[in-house]
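Report on the structure
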Amino acid sequence: MRTHPIVLIPGDGIGPEVTAATKRVLAAAGAPVEWVECQAGLAALAQGREVLPQDTLDAIERHRVALKGPCTTPVGEGFTSVNVQLRKQLNLYAAVRPVRNLTGVPTRFSDVDLIIVRENTEGLYSGVENQITEDAVMSMKVATQTACVRIAHWAFRFATRRRRKKITVFHKANIMKMTDGLFLRSARRVHQHEYPNIEYQELIIDAGCMKLVQDPSQFDLLLLENLYGDVVSDLCAGLVGGLGVVPGANYGERGAVFEAVHGSAPDIAGKGVANPLALIMSAVMMLNHLAEDLDDAAAGACAERIKAAYNQALEEGQKTRDLGGPLGTDQFASAVIERLR
Ligand code: NAD
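To keep things clear, this report deals only with the structure shown in the data block. (Residues numbered from 1 in each chain as written. Predicted model: local features only at pLDDT ≥ 70, side-chain atom pairs only at ≥ 80, totals over all residues. Heavy atoms only, no water.)

Taken together, 21 residues surround the ligand, and among them Cys71, Thr73, Gly263, Ala265 and Asp267 come closest. Side-chain polar atom of Lys68 to an oxygen atom of the ligand: 3.2 Å apart, as the coordinates give it. Within the side chain of His262, one N or O atom sits 3.4 Å away from a nitrogen atom of the ligand. Burial of the ligand by the protein chains amounts to 70% of its free accessible area of 810 Å². Residue composition of the shell around the ligand, grouped by class: nine nonpolar, seven polar and five charged. (Near = heavy atom within 4 Å. Polar contact = N/O pair within 3.5 Å; in protein donor to acceptor, adjacent residues only side chain to side chain. Areas by Shrake-Rupley, 256 points an atom, 1.4 Å probe, with all protein chains shown as cover. Nonpolar A, V, L, I, M, F, W, Y, C, P; charged D, E, K, R; others polar.)

Attention now moves to empty space enclosed by the protein. For the structure on display, the rule yields two cavities of 30 Å³ or more. Size it by volume and the largest cavity reaches roughly 90 Å³. As for the largest cavity, its lining consists of Glu119, Glu122, Gly123, Lys141, Val142, Ala143, Cys148, Thr179, Asp180, Phe183, Glu225 and Asn226. Considering every element that reaches the lining of the largest cavity, the biggest residue donor is helix H6 (residues 179-194), with three residues. (1 Å grid on protein atoms, 1.4 Å probe; cavity = no way out; pocket = protein on both sides within 12 Å on 5 of 7 lines; lining within 4 Å. Points joined across faces, edges and corners; volume = space filled by probe spheres on them. Helix = DSSP H or I, 4+ residues; strand = E, 2+ residues; numbered from the N terminus.)

Attention shifts here to the packing of helix H1 (residues 15-28) against helix H11 (residues 329-338). Packed helices, taken two at a time, are described by their axes: the angle between them and the distance between them. The N-to-C vectors of H1 and H11 enclose an angle of 15°; their axes lie 9 Å apart at closest approach. Considered as vectors, H1 and H11 are oriented roughly parallel to each other. The chirality of how H1 crosses H11 is right-handed. Listed contacts from H11 to Glu17, Val18, Ala21, Arg24, Val25 and Ala28 of H1 are Thr329, Asp330, Ala333, Ser334, Val336 and Ile337. Looking at the contact of H1 with H11, its residues break down into seven nonpolar, two polar and three charged. (Axes fitted to C-alpha atoms, helices over the stretch in contact; angles between N-to-C directions. Parallel < 35°, antiparallel > 145°, perpendicular 65-115°, else oblique. Left-handed = near helix turned anticlockwise from the far one by under 90°. Contact = heavy atoms within 4.5 Å.)

By themselves, these figures tell us nothing about what the structure is for.
Structure, rendered in structure tokens:
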């Protein structure tokens with residue numbers, strides 16, 4: 001059997017707990033992977049290293065696939081987000097977050113099945129902030145035609161491959177006529193010229209958010225610039241049970257990094273109660289990526305077995321605290337492992 005070298009970044013906060021649980025599940029399922037463990041974030045700093053060490057970046061460039069735990073970013077001061085640096089340096093320009101109801105996790109809505117595609121490299125994440133006067137500071141929102149067209153192409157291509165019927169762009173081009181205007185015009189042009197078969201909709205983001213919480217089933221694939229994608233991802237997580245159940249992937253030309261939408265959750269770190277499911281689901285996305293891009297059917301079969309096992313666990317009430325259950329991180333991983341067929 002082929003095995004794939006995968007860079008594993010445990011991260012910090014709940015990161016090491018949920019990555020350890022995910023590794024156990026993948027090992028029990030016989031996933032064709034071989035971990036290449038690298039550091040980033042507070043874990044790297046604690047070893048007296050850069051927050052994003054060059055050898056971590058080199059390893060991802062070399063092996064092209066990584067599974068990453070969350071990394072803490074200091075609020076209002078300190079170093080630039082490791083996550084943002086990683087996405088920019090490796091040009092992982094497309095973030096994908098599938099948001100679906102799980103049968104074992106009842107929520108207000110039962111028919112949510114949408115995909116968020118977020119531009120991952122620019123917008124207000126340019127990191128360009130200046131002190132203008134003693135009174136005023138400024139943050140620069142950047143949009144380039146290259147990145148706007150690139151993410152629009154990526155989203156329409158992805159929608160076509162996944163047989164998605166409709167793309168909705170959330171924007172604020174009524175106010176940010178240049179930056180959001182460029183994002184919107186790029187998506188509109190790609191739709192008109194190349195993908196007229198896919199239904200296309202534009203919504204101002206405030207109204208879009210209201211519609212999302214009224215009836216999320218009216219959406220299929222959402223295309224958003226960086227900050228809107230970040231905020232709307234958490235909003236959508238709330239529709240299906242919270243941050244514990246939403247996986248994610250960051251794709252670029254030179255590699256793919258799989259990680260949950262959630263952060264390092266310092267409020268519960270070290271307590272053994274974090275839900276590892278979002279990272280397990282991200283690992284399932286990773287195995288499907290290996291199946292599709294590297295033509296490895298064994299990885300795809302393994303992904304299906306893990307998915308069936310966690311669905312069965314949830315349906316039988318085996319859940320972590322965030323989902324109203326009694327289990328800790330490791331106990332949930334064991335519940336999934338016991339149901340692997
Ligand atoms: P968070 O996602 O870490 O936590 C928000 C809330 O959700 C908390 O109450 C937390 O306990 C809960 N939660 C999150 N994941 C959970 C899980 N797996 N199981 C159970 N409960 C879970 O967001 P935050 O508190 O705003 O951010 C904490 C840190 O994480 C910040 O430094 C932020 O910058 C960072 N962050 C990192 C990433 C990443 O590495 N990709 C993403 C988002 C936030």
